[in-house]
Structure formats: structure tokens, C-alpha cells
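# Residue-level structural notes
Listed here are the chains, written in short residue letters.
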Amino acid sequence: MSSSIPESIISFYEPEAMIRKKVMSGITGGKMTQEEQKRLGGEPDKCSLYLLNLFHMVSDDAELAEIRRKCVSGEIMCGHCKKETAERVVAFLKDFKEKMDAAAEKIEV
Ligand code: SF4
């Protein structure tokens, strides 16, 4: 996900289906095959999804460490990890929109 690639930017008012599509198409640090990933593990430091979780979606260090552990051990596959990340982004933006709407109602025109 890069600001120089518009298709990879998730805006605050993006439709939910588009959020999921963009997260699911993110570049990962996963291996070419599931067998390889199970055997060698993924590379979270090269993964745009891991960085999204690290900097924006997961504030709990223990939860983040668990994502990293599952990745490097090959316990989790990228498809599943992407779906979990997409759920976090959708939940985050839903909460954000609700707070924005509540704030907008308090603003006098
Ligand atoms: S398992 Fe998750 S953190 Fe690891 S490379 Fe795949 S998408 Fe990235």
C-alpha cells in the first residue's frame, strides 16, 4: 500500500467491499506455495499487511507479537491473515465513521 499507487490507498469513506478487495490484494512477505510457507514461514518485515497492522490496526503488543510468531513459524497462511487484517480495517473505519458522524451532528452550521 503506497500513496503513489492510488489503487492501494484506503480512504476513510471507502465502501466495505472495496476495503476488503484492497487489503486482499496487498503485497505480502509470504512464500510462493503453502507448502513452502508452512516449512519456511513468512517474512513479516517485507509484508505490507503486517506493516498495516503494526502501524495502524493493532495497538496491543502481545497481539502483534502473536501475528508475527504465527507468520514466521508458518502457522498461518497469507490468505487467512489477509482476511483477519481486512476485518480489522473494516471495524476501524466503521468506528471512525460513527465518531465522525457524531461529531458532525454537534457542529453548528
Ligand atoms: S502471514 Fe500475514 S504477516 Fe505473514 S507474510 Fe502473510 S500476510 Fe504477511
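Structure: above.
What comes next concerns the included structure.

## Some thoughts on the overall build of the chain
- What the chain contains, in helices and strands, is 5 helices and 0 strands.
- Along the chain direction, N to C, the helices and strands of the chain fall in the order α-α-α-α-α.
- In terms of overall dimensions, the chain has C-alpha extents of about 60 × 30 × 20 Å along its principal axes.
- Across the 109 residues in the chain, those meeting the buried criterion constitute 30%.
- Considering only contacts in the chain between residues 6 or more positions apart, those separated by 24 or more positions represent 58%.
- One finds the centroid of the 17 positive side-chain charges in the chain at a distance of 5 Å from the centroid of its 19 negative side-chain charges.

## A look at the site of the ligand
- The environment of the ligand is made up of Thr-28, Gly-29, Gly-30, Gln-37, Cys-47, Tyr-50, Cys-71, Ile-76, Cys-78 and Cys-81.
- Judged by the proximity of its atoms to the pocket grid, the ligand belongs to the largest cavity.

## Here we look at a nonpolar patch on the surface
- A grouping of Phe-12, Tyr-13, Phe-92 and Met-100 is seen on the molecular surface, where their side chains present a nonpolar patch of about 420 Å² in accessible area.
- If you trace the backbone, Met-100 turns up in helix H5 (residues 78–106).

## A few points about the packing of helix H3 (residues 48–57) against H5
- For the pair H3 and H5, the least separation of the axes is 10 Å and the interaxial angle reads 30°. By the angle class used here, H3 and H5 are roughly parallel. The hand of the H3/H5 crossing is left-handed. Side by side, H3 and H5 meet where Leu-49, Leu-52, Asn-53 and Met-57 of the first sit next to Lys-82, Thr-85, Arg-88, Val-89 and Phe-92 of the second.
- Among the residues forming the contact of H3 with H5, the class breakdown is 5 nonpolar, 2 polar and 2 charged.

## Brief notes about the pattern of salt bridges
- According to the stated counting rule, one finds 12 salt bridges in the structure shown.
- With its nearest N and O atoms 3.1 Å apart, the salt bridge here joins Glu-98 to Lys-94. Of this pair, Glu-98 and Lys-94 both sit in helix H5, 4 residues apart, which is roughly one turn of the helix.
- Residues joined by salt bridges that share partners form a network here, namely Glu-16, Arg-20 and Glu-87.

## Overview of the nonpolar core
- If you look at the biggest cluster of nonpolar residues, it comprises 14 residues, and the most contacted ones within it are Ile-19, Val-23 and Val-89.
- Only helix H1 (16–24), H3, helix H4 (61–73) and H5 provide two or more residues apiece to this core.

What counts and how
Residues numbered from 1 in each chain as written. Predicted model: local features only at pLDDT ≥ 70, side-chain atom pairs only at ≥ 80, totals over all residues. Heavy atoms only, no water. Helix = DSSP H or I, 4+ residues; strand = E, 2+ residues; numbered from the N terminus. Buried < 20%, exposed > 50% of the residue type's maximum accessible area, 1.4 Å probe, protein only. Contact = heavy atoms within 4.5 Å. Lys, Arg positive; Asp, Glu negative; His and termini not counted. Charge placed at Lys NZ, Arg CZ, Asp CG, Glu CD. Near = heavy atom within 4 Å. 1 Å grid on protein atoms, 1.4 Å probe; cavity = no way out; pocket = protein on both sides within 12 Å on 5 of 7 lines; lining within 4 Å. Sits in = over half its atoms within 2 Å of the grid points. Patch = residues over 30% accessible without salt bridge, like charges linked within 9 Å, V, L, I, M, F, W, Y side chains within 5 Å. Areas by Shrake-Rupley, 256 points an atom, 1.4 Å probe, with all protein chains shown as cover. Salt bridge = Lys/Arg side-chain N within 4 Å of Asp/Glu carboxyl O. Axes fitted to C-alpha atoms, helices over the stretch in contact; angles between N-to-C directions. Parallel < 35°, antiparallel > 145°, perpendicular 65-115°, else oblique. Left-handed = near helix turned anticlockwise from the far one by under 90°. Nonpolar A, V, L, I, M, F, W, Y, C, P; charged D, E, K, R; others polar. Core = buried A, V, L, I, M, F, W, Y, C linked by side-chain atoms within 4.5 Å.

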